[in-house]
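# Structural overview for review
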Amino acid sequence: MSRDGFGSKLGIIAAAAGSAVGLGNIYRFPCELGNNGGGAFLLVYLLIVLCLGVPVMLSEFIIGRRAQKNPIGAFKMLRPRSGWPVIGYMGVLCAFIIMAFYSTVAGWTLEYIVKAIGNQFHGKELSVIEQEFADFHDMGWKNVLWQAVFIFLTGFVVFKGVADGIEKYAKILMPVLVAILVVLGLRAVTLPGAKEGLTFLFKPDFSKITGSVLISALGQAFFSLSMGMGVLITYGSYIQKDDNLTTTALSVTLSDTLIAVLAGVVIFPAAFSFGVQPTAGMGLVFNTLPMIFNQMAGGYFFCIIFFVLLAVAALTSTISLLEVIVAYFVEELRMSRRWATVIASLGCMAIGVFASLSLKSDTGFTIAGLSFFDSLDFISAKVLLPIGALFIVIFVGWVMGKKTFNEEITNGGKLKLSIKSVIFFIIRYLAPLAIAVIFITGFV
Ligand code: PHE
C-alpha cells in the first residue's frame with residue numbers, strides 16, 4: 001500500500017508546526033500561566049521546552065519514520081508481541097479526549113468570527129463583553145452547533161488526505177499570525193497600566209514554584225508541542241528519508257514557543273490594563289482581545305482577521321488529532337479512509353457534546369470538582385501526555401538504542417550532527433528522569 005507523504009521539506013515543518021501552534025498557544029498558555037503564578041510558570045515552561053522539547057519531538061519522529069506507521073502499528077512493528085502498543089492505544093484515546101474539549105473552544109472561534117463581522121464588540125464595556133461570553137456558554141446548543149461545524153471541517157480536510165490537505169493551509173498563514181500578534185502586542189504594551197502585566201509575565205516570583213506549577217508547565221509544554229500522544233509519530237511516518245529530523249524539530253519548537261510568548265505579551269498587559277484577572281481562564285483571551293480591538297485603529301478588521309487566523313490555527317491542530325485516529329482505523333482496522341473519517345469524527349463529537357454542555361453554569365456536571373470539560377483537559381495534558389512522552393523517550397533511548405537513533409538522526413550517516421550524543425543522553429537519561437520526577441512531585 002502506498003502511503004501519503006509530504007511533498008516538500010517545508011511541507012512537514014509546516015504541518016508539524018500547524019499541529020503545534022493553535023489554541024494551546026493563544027488560549028491555554030495564558031490560562032495556565034495566569035493560574036500558576038505568572039513569571040515563575042513562564043520560567044519553568046521555557047526550561048522544560050529548552051531541555052525536553054527537541055529530544056521528545058525527535059523521539060516521536062524517529063519512531064514514526066522508522067516504522068512508517070500510525071502509533072499503534074509503529075510499536076507493533078518495531079517490537080512485535082510486546083506491551084509497547086499500549087502506548088499507541090493510549091495516544092489514540094488521548095486524541096479522542098483532546099479533540100472533544102479542544103473542538104469546543106475551536107467552535108467559539110467561529111462564533112467570534114461571526115460576532116466580529118457583525119461588529120458586535122464595538123464600544124462595549126468589559127462587563128458587557130464578559131456577560132455576553134457567559135451567556136453564550138449558557139446557550140449550550142449554540143456551542144454544540146459550532147463544535148459540530150468545526151469537527152465537520154476537520155473531517156473534510158482529513159478525508160482529502162495528508163499531503164494536499166494540510167500543507168496548503170498551513171504554509172502561508174503562520175507568518176501572518178505572527179505578524180498580527182506583533183501588531184497586537186505593540187498596542188497592548190502601550191495601553192495605560194500595561195507595565196504591571198509585563199511584570200506579571202516576565203518577573204518570576206520563585207516562591208510560587210510548586211509541584212502543581214511544575215506539572216502544569218510540563219503538561220502545557222507537551223500539549224503545546226503536540227507531544228506524547230502520537231501526532232508526531234504519525235506525522236513522522238510521512239517524513240521522507242532524506243529530511244533532516246533535527247532541524248525540523250528545532251524549527252517547530254522555536255516557532256511554537258515564540259507564538260506562545262507573543263500571546264502572553266498581548267494578553268497580560270492588556271488584561272491588567274482593562275482589569276481582567278490573570279486567573280480569569282477562558283475570559284483572558286475571549287474577553288481581553290475584543291477590548292484591545294476596541295482601542296485600535298482598524299480594530300474592526302484586525303478583529304476579523306485575528307479570529308479567522310485563530311480558527312485556522314485551531315484547524316491545523318484538530319486535523320493532526322483526527323489524523324492519528326484515522327491513520328489507526330485505516331491501517332490497523334482496514335477501514336476505508338472515508339469511513340474512518342466519518343466514524344472518528346462522530347466519536348469525537350459524541351464525547352465533545354458533553355464537554356461543551358458541561359460549561360453551562362447550571363449543569364452541575366462535574367468530576368472531582370472539575371467540569372467535564374476541565375476533567376478532559378486535566379486527564380490529557382497532565383496525565384496521559386506526560387506518561388506517553390515518558391514511555392516514548394524510554395523506547396527510543398533504551399529499546400531502539402543508540403545505533404538506530406544515530407542512523408535515523410543522520411539519515412544513515414549522510415548528515416553531520418555534532419550534538420547527537422548530547423541529544424541521545426537527554427533522551428536516555430535526563431528526559432525520563434525529569435518527566436518522572438515532575439510527574440511525581442506534581443501529584444504528591
Ligand atoms: N498543540 C496544539 C495546540 O497547541 C494542541 C494539540 C495537542 C494538538 C496535542 C495535537 C496534539 O493548540
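The structure this text deals with has already been given above.
My aim in this report is to walk through the structure given alongside it, one point at a time. Since the model is a prediction, treat every value here as computed from it, not as a measurement. (Residues numbered from 1 in each chain as written. Predicted model: local features only at pLDDT ≥ 70, side-chain atom pairs only at ≥ 80, totals over all residues. Heavy atoms only, no water.)

### Comments concerning the overall build of the protein chain
Secondary structure summary: the protein chain contains 17 helices and two strands in total. Here the protein chain has a C-alpha radius of gyration of 21 Å; the compact-globule value for 444 residues is 22 Å, and the two agree. By its C-alpha atoms, the protein chain is 60 × 50 × 45 Å across when sized along the principal axes. Long-range contacts, defined as pairs at least 24 residues apart, comprise 82% of the intrachain contacts of the protein chain with a sequence gap of at least 6. Looking at the protein chain as shown, the accessible area adds up to about 16700 Å², and 69% of this sits on carbon and sulfur atoms. In the protein chain, which carries 31 positive and 24 negative side-chain charges, the distance between the mean positions of the two groups comes to 11 Å. (Helix = DSSP H or I, 4+ residues; strand = E, 2+ residues; numbered from the N terminus. Rg over C-alpha atoms; globule rule 2.2 N^0.38 Å. Contact = heavy atoms within 4.5 Å. Areas by Shrake-Rupley, 256 points an atom, 1.4 Å probe, with all protein chains shown as cover. Lys, Arg positive; Asp, Glu negative; His and termini not counted. Charge placed at Lys NZ, Arg CZ, Asp CG, Glu CD.)

### Observations regarding the side chain of Ser 358
The topology assignment puts Ser 358 in the loop between helix H15 (337-357) and strand E1 (366-367). Overall, Ser 358 belongs to the buried group, its relative accessible area being 5%. Ignoring any residue separated from it by four or fewer positions in sequence, one finds Ser 358 in contact with Thr 363, Phe 365, Ser 371, Phe 372 and Phe 373. (Buried < 20%, exposed > 50% of the residue type's maximum accessible area, 1.4 Å probe, protein only.)

### Regarding the site of the ligand
Neighbouring residues of the ligand: 16 residues in total, closest Ala 20, Gly 24, Tyr 102, Phe 223 and Ser 226. One of the backbone N or O atoms of Gly 24 is found 2.8 Å from an oxygen atom in the ligand. A distance of 3.4 Å separates an oxygen atom of the ligand from a polar side-chain atom of Asn 25. Its free accessible area being 330 Å², the ligand has 100% of it covered by the protein chains. The residue inventory of the shell around the ligand, partitioned by class, reads eight nonpolar, eight polar and no charged. (Near = heavy atom within 4 Å. Polar contact = N/O pair within 3.5 Å; in protein donor to acceptor, adjacent residues only side chain to side chain. Nonpolar A, V, L, I, M, F, W, Y, C, P; charged D, E, K, R; others polar.)

### Observations concerning the packing of helix H10 (residues 211-224) against helix H17 (residues 420-443)
At a closest axis distance of 7 Å, the pairing of H10 and H17 adopts a crossing angle of 130°. In terms of orientation, H10 lies oblique with respect to H17. When the axes of H10 and H17 are compared, the crossing they make is left-handed. Judged by residue contacts, Gly 211, Leu 214, Ile 215, Leu 218 and Phe 222 of H10 engage Ile 435, Ile 438, Phe 439, Thr 441, Gly 442 and Phe 443 from H17. Here the contact of H10 with H17 is built from residues that sort into eight nonpolar, three polar and no charged. (Axes fitted to C-alpha atoms, helices over the stretch in contact; angles between N-to-C directions. Parallel < 35°, antiparallel > 145°, perpendicular 65-115°, else oblique. Left-handed = near helix turned anticlockwise from the far one by under 90°.)

### Some details on the environment of Lys 76
As for its placement among the helices and strands, Lys 76 is situated in helix H4 (residues 71-78). On the basis of relative accessibility, which here comes to 35%, the residue Lys 76 falls in the partly exposed class. Measuring from C-alpha to C-alpha, the distance between Lys 76 and Val 86 comes to 9.4 Å, with 10 residues separating the pair along the chain. What Lys 76 contacts, discounting residues up to four positions off in sequence, is Pro 85, Tyr 89 and Glu 332.

### Quick word on the environment of Leu 47
The residue Leu 47 is located in helix H3 (residues 39-67) in this model. Its relative accessible area of 47% is what places Leu 47 among the partly exposed residues. Separated by 174 residues in sequence, Leu 47 and Ala 221 have C-alpha atoms that sit 9.9 Å apart.

### Let's talk about H10
Taking 1.5 Å of rise per residue, 14 residues should cover 20 Å, and H10 covers 20 Å from first to last C-alpha, within 8% of that figure. For H10, the buried fraction is high: 11 of the 14 residues fall into the buried class. Residues of H10 that are buried include every one of Val 213, Ile 215, Ser 216, Ala 217, Leu 218, Gly 219, Gln 220, Ala 221, Phe 222, Phe 223 and Ser 224, and no others. One or two residues past the end of H10 sits Ser 226, with phi positive at roughly 55°. (Expected span 1.5 Å × (residues − 1).)

### Details of the nonpolar core
Within the largest apolar cluster, 158 residues are counted, with the highest numbers of intra-cluster contacts made by Ile 63 and Phe 306. Looking at this core, the element that brings in the most residues is helix H14 (residues 299-331), giving 20 residues. (Core = buried A, V, L, I, M, F, W, Y, C linked by side-chain atoms within 4.5 Å.)

### Thoughts on unusual backbone geometry
Its identity as a non-glycine residue notwithstanding, Arg 81 has a phi of 50°, on the positive side. Secondary-structure assignment places Arg 81 in the loop between H4 and helix H5 (85-117). We note that Asn 119 has phi near 55°; this positive angle belongs to a residue other than glycine. Here Asn 119 is to be found in the loop between H5 and helix H6 (126-138). Here Asn 119 falls in the partly exposed class, since its relative accessible area comes to 38%.

### Structural notes on the packing of aromatic side chains
This model, assessed by the stated rule, comprises 31 aromatic pairs. Centre to centre, the rings of Phe 75 and Trp 84 are 6.1 Å apart; their planes meet at 15°, and the pair counts as stacked. Taken individually, Phe 75 and Trp 84 each receive the classification buried, so the pair is uniform in this respect. On the basis of an interplanar angle of 90° and a centroid distance of 5.5 Å, the ring pair of Trp 108 and Phe 133 is categorised as edge-to-face. With Trp 108 in helix H5 and Phe 133 in helix H6, this residue pair connects regions lying 25 residues apart in the sequence. Residue Trp 108 shares its accessibility class with Phe 133, and that shared class is buried. One aromatic cluster is present, formed by Trp 108, Tyr 112, Phe 121, Phe 133, Phe 286, Phe 293, Phe 306 and Phe 307 through successive ring pairs. The ring centre of Phe 223 lies 4.9 Å from the NZ or CZ of Arg 28, which sits over that ring. When the ring centre of Trp 398 is taken as reference, the NZ or CZ atom of Arg 428 above it lies at 3.6 Å. (Phe/Tyr/Trp six-rings, centres within 6.5 Å; stacked < 30°, edge-to-face > 60°. Lys NZ or Arg CZ within 6 Å of the ring centre and 35° of its normal.)

### Considering a nonpolar patch on the surface
Nonpolar side chains collect at one region of the surface, where Leu 43, Leu 47, Leu 50, Phe 206 and Ile 209 lie side by side and expose about 490 Å² of accessible area between them. Mapping Leu 50 onto the fold places it in helix H3. Leu 50 sits in the exposed class, given a relative accessible area of 67%. (Patch = residues over 30% accessible without salt bridge, like charges linked within 9 Å, V, L, I, M, F, W, Y side chains within 5 Å. Salt bridge = Lys/Arg side-chain N within 4 Å of Asp/Glu carboxyl O.)

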